[in-house]
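Here's the letter readout for the chains.
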Amino acid sequence: MTYFADLSSRQVAALASSERVPVLLLPVGAVEPHGPHAPLGTDPLISRGMCERAAARLAADPGLRVLILPEVPYGVTRFAAGFAGGISIGEETLHTLLTEICGALVEQGLSRILLVNNHFEPAHLAVLRRVAETDGVGLVDLVRRRYAARLTGEFRSGECHAGQYETSLVLADRPDLVDATIQRDLPAVHVDLARGGVTDFASAGMTEAYCGTPAKATAEEGEQTFSVLTDILVEAIRELV
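This report concerns the structure included in the present document. As the structure is a computational prediction, the values presented were derived from the model and not from experiment.

1. Regarding the overall build of the protein
A count of helices and strands for the protein gives 10 helices and four strands. Helices (α) and strands (β) of the protein occur, in sequence order from the N terminus, as α-β-α-β-α-β-α-β-α-α-α-α-α-α. In terms of overall dimensions, the protein is globule-like: its C-alpha atoms have a radius of gyration of 18 Å, near the 18 Å expected for 241 residues. By its C-alpha atoms, the protein is 55 × 35 × 30 Å across when sized along the principal axes.

Here's what the structure looks like:
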């Protein structure tokens, strides 16, 4: 079994005494617009895809038991203000939710928890970094240089919200959720979300809630990127243990 919530109570109780060290992955993201072509749930979809691939890769590891917790799809997403579909929660709400989830698990002896995030709004990231200061809780912080350097040029440019990078990942995992008719005709939008001073998509020039070059996205690129993301997550799991 891969999903924590599929286990019975008795099976969870047995994890703490197992010879295989349990590591719990918590996929995190945000529900927000990703252009006119990609799903609102792009970020948690990518986080979940990373977790599923890492769990599959480590399924036969005799020293580890990797389980995926039910995802937390809501995050701080004020950049999406003014566009339909965005659901933002406050920083303290997110912090309380995540720390209480992690705390409940730690109290049961499940003390190795890894946050897997693919929503990069600065205020959201700041909360996750605070949560990761909790004993036993780690964070795969993809915008850190050690990880970002291994990802695509568009990701490193900061032009990666619903662009070639993210759209390729969705095409690799759920191509049915991408409107290819719209995607292939979208012009490039050059907005660096990593630069300081950005407060929302619209004022930054992202009039359709995307940046980068979604028209160039392919499932093949998505699979290649997922492979790198899985490498990163597997390394983080081993570091946490």
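Having seen the structure, we can now continue with the description.
2. Examining the packing of aromatic side chains
Considering all chains together, one arrives at four aromatic pairs under this definition. Ring centres of Phe83 and Phe201 lie 6.5 Å apart, and the angle between their planes is 55°; on these two criteria the pair is classed as tilted. A residue pair is termed long-range when its members are at least 10 positions apart, and Phe83 in the loop between strand E2 (64–68) and helix H3 (91–106) and Phe201 in helix H9 (residues 201–204) qualify at 118 residues. For Phe201, a relative accessible area of 2% puts it in the buried group. Plain terms: the ring middles of Phe120 and Phe155 are 5.6 Å apart, the flat faces sit at 85° to each other, and that makes the pair edge-to-face. Here Phe120 is found in the loop between strand E3 (113–117) and helix H4 (122–131), whereas its partner Phe155 is found in helix H6 (residues 153–157), with 35 residues between them in sequence. Put simply, the rings of Phe79, Phe83 and Phe201 pair up and form one aromatic cluster. Positioned above the aromatic ring of Phe226, the side-chain terminus of Arg53 is 3.7 Å from the ring centre.

3. Regarding the state of the cysteines
Under the counting rule described, the total for this entry stands at zero disulfides. Here Cys51 is not cross-linked by a disulfide; its sulfur's nearest cysteine counterpart is in Cys102, at 13 Å. Classification of Cys51 as buried rests on a relative accessible area of 0%. A relative accessible area of 1% means that Cys102 is categorised as buried.

4. What about the sheet that holds E2?
Across the sheet, four strands lie side by side as E2-E1-E3-E4; this open sheet has parallel pairing. Either end of the sheet is taken by a strand with one partner, and the two such strands are E2 and strand E4 (137–140). Mean inter-strand twist for the sheet, computed between neighbouring axes without regard to direction, equals 25°. Pairing analysis gives five bridges linking strand E1 (residues 21–28) to E2, with the strands arranged parallel. Within E2, the residue paired with Val21 across the bridge is Leu64. Lying over the sheet, H3 contacts E1, E3 and E4, oriented at roughly 150° with respect to E3.

5. Description of the environment of Thr207
In this fold, Thr207 is placed in the loop between H9 and helix H10 (219–240). On the basis of relative accessible area, Thr207 is assigned to the exposed category, the value being 63%. Each C-alpha atom of the pair Thr207 and Leu64 lies 46 Å from the other, and the pair is 143 residues apart in sequence.

6. Points about the pairing of E2
Of all five residues in E2, four are buried; the element is thus mostly enclosed. Following the chain from E1 across helix H2 (residues 42–57) to the adjacent parallel E2, one finds a crossover that is right-handed.

7. Observations concerning the nonpolar core
By size, the foremost hydrophobic cluster in this structure holds 37 residues, and its most contacted members are Leu25, Val140, Leu142, Leu229, Leu233 and Ile237. Broken down by secondary-structure element, the contributors of at least two residues to this core are E1, H2, E2, E3, helix H5 (145–148), helix H7 (164–173) and H10. If one sorts the elements of this core by residue count, H10 sits on top with seven residues. With sequence-adjacent residues up to four places away left out, Leu229 is seen in contact with Ile46, Met50, Leu142, Leu151, Tyr165 and Leu169. Grouped together as the second largest cluster of nonpolar side chains are 24 residues, Val28, Val76, Leu98 and Val137 included.

8. Description of the packing of H2 against H7
Running from N to C, H2 and H7 cross one another at 60°; their axes reach a closest spacing of 10 Å. Compared by their axis directions, H2 and H7 come out oblique. For the element pair H2 and H7, the recorded crossing hand is left-handed. In this structure, H2 contributes Thr42, Asp43, Leu45, Ile46, Gly49 and Arg53 to the contact, and H7 contributes Glu166, Leu169, Val170, Ala172 and Asp173. Across the contact of H2 with H7, the residue classes tally to five nonpolar, two polar and four charged.

Criteria and cut-off values
- Residues numbered from 1 in each chain as written.
- Predicted model: local features only at pLDDT ≥ 70, side-chain atom pairs only at ≥ 80, totals over all residues.
- Heavy atoms only, no water.
- Helix = DSSP H or I, 4+ residues; strand = E, 2+ residues; numbered from the N terminus.
- Rg over C-alpha atoms; globule rule 2.2 N^0.38 Å.
- Phe/Tyr/Trp six-rings, centres within 6.5 Å; stacked < 30°, edge-to-face > 60°.
- Buried < 20%, exposed > 50% of the residue type's maximum accessible area, 1.4 Å probe, protein only.
- Lys NZ or Arg CZ within 6 Å of the ring centre and 35° of its normal.
- Disulfide = S-S within 2.5 Å.
- Pairing = 2+ DSSP bridges.
- Axes fitted to C-alpha atoms, helices over the stretch in contact; angles between N-to-C directions.
- Contact = heavy atoms within 4.5 Å.
- Right-handed = clockwise from strand over helix to strand, strands pointing away.
- Core = buried A, V, L, I, M, F, W, Y, C linked by side-chain atoms within 4.5 Å.
- Parallel < 35°, antiparallel > 145°, perpendicular 65-115°, else oblique.
- Left-handed = near helix turned anticlockwise from the far one by under 90°.
- Nonpolar A, V, L, I, M, F, W, Y, C, P; charged D, E, K, R; others polar.

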